Amino acid sequence: MELSEYVQRGFQRLADPGSFDSNAFALLLRAAFQSLLDARADEAALDHPGLKHIDPVVLKHCHAAAATYILEAGKHRVDRSTLSTYLEDCKFDQDRIEIFCTEYQNNKNSLEILLGSIGRSLPHITDVSWRLEYQIKTNQLHKMYQPGYLVTLNVENSDSQSYPEISFSCNMEQLQDLVGKLKDASKSLERATQL
Amino acid sequence: MEEADRILIHSLRQAGTAVPPEVQTLRAFTTELVVEAVVRCLRVISPTVGSGLSHLLPPAMSARFRLAMSLAQACMDLGYPLELGYQNFLYPSEPDLRDLLLFLAERLPTDASEDADQPAGDSAIFLRAIGSQIREQLALPWVPPLLRTPKLQHLQGSALQQSLRCTRLVLPELSSKGEPREFQASALLLPAPTQVPQLVRRAASLLEQHAVQLCQHVSRDCPGDEDRVCWAHRVPSQEDSRAAQQRLHKQLAEHLRQSWSPLGASTQVRDLGDMLQAWGARKKTSTPKGSRFTHSEKFTFQLEPQAQVTQIPDVPVTSQKPEQDTRAAQEQELESLREQLASVNHSIEEVEADMKTLGINLMQVETECRQSELSVAEQEQALRLKSRAVELLPDGAANLAKLQLVVESSAQRVIHLASQWEKHRVPLLAEYRHLRKLQDCRELESSRRLAEIQELHQSVRAAAEEARRKEEVYKQLVSELETLPKDVSRLAYTQRILEIVGNIRKQKEEITKILSDTKELQKEINSLSGKLDRTFAVTDELVFKDAKKDDAVRKAYKYLAALHENCSQLIQTIEDTGTIMREIRDLEEQIETEMGKKTLSNLEKICEDYRALRQENASLLSRVREA
């Protein structure tokens, strides 16, 4: 995990007990987490009385750096040991590392949900309904006498742009092919879990 | 026995035999199970042999017989020491079966070695992590969409997802000064995360900004590449930036060469056609190029060329008029400028040639001057000497004597001074040598200590590497240990094995003690019986001698004989009882083993099978006769 110089500078300033005493550090950290995960606390983000004695530019720089770092950590899904190693490298002392790690643990779930909601996913199939038909003749062929399947896949997604179901028709070989492929997929999933 | 059976059944199951779970001991193995187990083991041990045998017991008696014979043959080929026949498979007895299955189980390739050979590389760890994640997700039950927690929503597909959209953020800098700092400190600039109202867009913008910062850091060394900073992913490495620099150099060189082509001023040679093309294609971007040229350090010329360079970009910039006119005008100007340049170059050359000749002249004149000064000095000295001699000439003899005195005294003084100098020189030289030696020693010491320190550094670094590597291996092994199955606990088995070994040792000691006791007893018995015989013989003789004369002695002799007879009978009976008891014990053991062999039931089965075989033979014969 690489961090830009901006973030590193902010963190070095944050680690300095001369600029930020432990109370201010805890407040800033909580403000950073809140500003990422909770949109309601925006107006009074850095207006706490415990932070008033710090230079506003320093405060804002460190706030931005902390928020960026938290997002990067959530993106790489770091565990507690990597986190504390990195913070030690930035010369944080032990109790600040503890505070950071506990806050991160507490907010890890919501952070992952936030980061996971950025992106696109394929629709999720929940149900299948099928109908077997028997084709007797078409306009191109006088005698068909072939069975066919009309399959409807019920899809569940919250993206309102696409349709709620996918329908298609296929003949028996194609359906067998599809079922075979589905079986292959589930078998490879089983194999992957056994590694 | 049960434990051993359980382990055996476990290994048979691993070889592929479908042993039903209620079968716990070998006693409960049926014929079909035996055949299946043996065939599957054979298949694992030697696939060529085992693939020809079916693991299902055929219903026909003759086929069964053939299968059992082939199995017996295969097992004996593998090296089973005892004789095998069809009866071991069709009518198994427990001890024989145990021996056979243990023999086959030993021959099974151990798959513990396969697990230990798994590469602990990064890709293996990654795949295992993927596998464990998939397992966790598969284990989650399907929850109806309205009841899902946000995490389940993400996993089971009903989470609201938005595509990545970013907003440019304005970030305050610690090192800003003056007006920007005031702006950043004021309430006009919101803290960076709050500049974007929606949470998802906020996170996306922060991540994008961070990536941009990382790119800027990489590309800061390349001049003129600030246009390319807005890449979303990491800038590819040094090669691209070096290529961009080279491109920029080429453009500069071409531009220079185009402006001063007769002079051949620029040291890099470029194709004129390329140059003109590049020049023609870059008319629009030339104004920024001009400023970059003025800032670049790649110039070998001073301000005069720069003025010309800044003039030339004005030429195409002013060409907003119709193109043909401007091109003609440009070409005319170019021609005139070229002529001017040619003339200027010519004059510069002439002036340079003049300068060269003048320089050469100057040098010659200087050397002559120096030579003449030297000769003047010499002549002055000769003149002085001769004038002094001329002065002293009138008072010839006295002056000569005075001069001699002076010469002698000065010689003496020289000698005196030389001796004083010697006196001073010797101790100073000694001290100098001493100090030199000290310094050498100290250098040696310091270089040795330096080498030691470097070695220590190396060892520290190596130890740190080792420690890190071992920690990684430890972490991997701990995670592997957690995933290992816990049903077979080796610790219990090893403890039990050690207990059993201790018990066996104790029993062996007891047996040796008992054997030695028995030997002692036997020796005692022998000695006592020997003593008895000798005593009886002596007594017998004694009494017999007196028995001829005395009646009472004769009666005593008769009693003695009877006593001896009865006692020896008693002893005999006791010995017989002992042997009979031993025989009883042996027979009981034999009965037990024979009972274990289930001979009676096997015999019944054999009779049935024999009858079935005869029937099959008869039916086959009849069919042959019909056909």
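Residues numbered from 1 in each chain as written. Chains lettered and ligands numbered in written order. Predicted model: local features only at pLDDT ≥ 70, side-chain atom pairs only at ≥ 80, totals over all residues. Heavy atoms only, no water.

1. Describing the overall build of chain B
(1) Moving on: Of regular secondary structure, chain B possesses 21 helices and zero strands.
(2) Moving on: Evaluated residue by residue, chain B yields a buried proportion of 20% over its 627 residues.
(3) Moving on: Surface exposure of chain B reaches about 47,700 Å², of which carbon and sulfur atoms provide 59%. (Helix = DSSP H or I, 4+ residues; strand = E, 2+ residues; numbered from the N terminus. Buried < 20%, exposed > 50% of the residue type's maximum accessible area, 1.4 Å probe, protein only. Areas by Shrake-Rupley, 256 points an atom, 1.4 Å probe, with all protein chains shown as cover.)

2. Focus: the overall build of chain A
(1) Moving on: When helices and strands are counted, chain A shows six helices and three strands.
(2) Moving on: Moving toward the C terminus, one meets the helices and strands of chain A in the order α-α-α-α-α-β-β-β-α.
(3) Moving on: Of all 195 residues assigned to chain A, the portion counted as buried reaches 39%.
(4) Moving on: Sequence separation of 24 or more characterises 57% of the internal contacts of chain A that already satisfy a separation of 6 or more. (Contact = heavy atoms within 4.5 Å.)

3. Things to note about the side chain of Arg202 of chain B
(1) Moving on: Along the chain, Arg202 of chain B turns up in helix α11 (residues 199-219).
(2) Moving on: The class of Arg202 of chain B is buried, set by a relative accessible area of 1%.

4. Considerations on the nonpolar core
(1) Moving on: Membership of the largest hydrophobic core comes to 50 residues, with the highest contact counts inside it found for Phe11, Phe20, Tyr69, Leu71, Leu83, Phe92 and Phe100 of chain A.
(2) Moving on: Mapped onto this core, the elements with two or more residues apiece are α1 (5-15), α2 (22-37), α3 (56-76), α4 (80-89) and α5 (94-116) of chain A together with α11 of chain B.
(3) Moving on: By residue number, the principal contributor to this core is α3 of chain A, which donates ten residues.
(4) Moving on: Setting aside residues no more than four positions away along its own chain, Phe20 of chain A makes contact with Arg13, Leu14, Phe25, Leu28, Ile54, Val58, Leu59, Cys62 and Arg96 of chain A.
(5) Moving on: By size, the runner-up hydrophobic cluster in this structure holds 36 residues, among which are Ala37, Leu42, Leu84 and Phe89 of chain B. (Core = buried A, V, L, I, M, F, W, Y, C linked by side-chain atoms within 4.5 Å.)

5. Some words on the interface of chain A and chain B
(1) Moving on: In this assembly, 49 residues from chain A lie in contact with 52 residues from chain B.
(2) Moving on: Summing both sides of the interface, chain A and chain B together bury roughly 4,300 Å²; the carbon and sulfur share of this comes to 62%.
(3) Moving on: For the interface between chain A and chain B, the tally reads zero salt bridges.
(4) Moving on: Here chain A and chain B share five residue pairs in polar contact (both at pLDDT 80 or more) between them.
(5) Moving on: Looking at the side of chain A that touches chain B, the elements with two or more residues in it are α1, α2, α3, α5 and α6 (172-194) of chain A.
(6) Moving on: Among the elements that line the side of chain A that touches chain B, the one with the most residues is α3 of chain A, at twelve residues. (Buried area = accessible area lost by both parts, 1.4 Å probe. Salt bridge = Lys/Arg side-chain N within 4 Å of Asp/Glu carboxyl O. Polar contact = N/O pair within 3.5 Å; in protein donor to acceptor, adjacent residues only side chain to side chain.)

6. Here's the deal with the sheet that holds strand β3 (residues 165-170) of chain A
All names here are of chain A.
(1) Moving on: Sheet architecture is open: three strands sit in the order β1-β2-β3, paired in antiparallel fashion. The open sheet has two free edges, formed respectively by β1 (124-135) and β3, since each of these has just one partner strand. Neighbour-to-neighbour, the strand axes of this sheet turn through a mean angle of 15°, independent of strand direction.
(2) Moving on: With six bridges connecting them, strand β2 (residues 146-156) and β3 associate as antiparallel partners. Considered in β3, the bridge of Val151 is made with Phe168.
(3) Moving on: Contacts from α6 reach β2 and β3, with the element oriented near 130° to β3. (Pairing = 2+ DSSP bridges. Axes fitted to C-alpha atoms, helices over the stretch in contact; angles between N-to-C directions.)

7. Quick word on the packing of aromatic side chains
Residues and elements named next belong to chain A.
(1) Moving on: Throughout the structure, instances matching the rule amount to eleven aromatic pairs over all chains.
(2) Moving on: With a centroid separation of 5.6 Å and an interplanar angle of 55°, the aromatic rings of Phe11 and Phe92 are classed as tilted. With a gap of 81 residues between them, Phe11 in helix α1 and Phe92 in the loop between α4 and α5 connect regions that are remote in the sequence. As far as the burial class goes, Phe11 and Phe92 line up, both buried. (Phe/Tyr/Trp six-rings, centres within 6.5 Å; stacked < 30°, edge-to-face > 60°.)

8. With respect to a nonpolar patch on the surface
Residue and element names in this part refer to chain A.
(1) Moving on: There is a patch of nonpolar side chains on the surface, built from Ile125, Val128, Trp130 and Leu132 and spanning about 440 Å² of accessible area.
(2) Moving on: Relative to the elements of secondary structure, Ile125 occurs in strand β1.
(3) Moving on: We classify Ile125 as partly exposed; its relative accessible area is 48%. (Patch = residues over 30% accessible without salt bridge, like charges linked within 9 Å, V, L, I, M, F, W, Y side chains within 5 Å.)

9. Here we look at the pattern of salt bridges
Residue and element names in this part refer to chain B.
(1) Moving on: For the structure on display, the rule yields 19 salt bridges over all chains.
(2) Moving on: The partner of Glu366 in a salt bridge is Arg370, and the shortest N-O contact between them spans 4.0 Å. Separated by four residues within a single helix, Glu366 and Arg370 lie in helix α17 (residues 323-392), roughly one turn from each other.
(3) Moving on: The salt bridge involving Asp551 is made with Arg554; its shortest N-O contact spans 3.5 Å. Residue Asp551 and its partner Arg554 are located together in helix α20 (residues 551-596), separated by three residues, close to a single helical turn.
(4) Moving on: A network of salt bridges, in which partner residues are shared, links Glu445, Arg448, Arg449 and Glu452.

10. Description of a negative patch on the surface
(1) Moving on: Side chains of Glu583, Asp586, Glu588, Glu589 and Glu592 of chain B sit close together on the surface and give a patch of like negative charge.
(2) Moving on: Looking at the element boundaries, Asp586 of chain B is found in helix α20. (Lys, Arg positive; Asp, Glu negative; His and termini not counted. Charge placed at Lys NZ, Arg CZ, Asp CG, Glu CD.)

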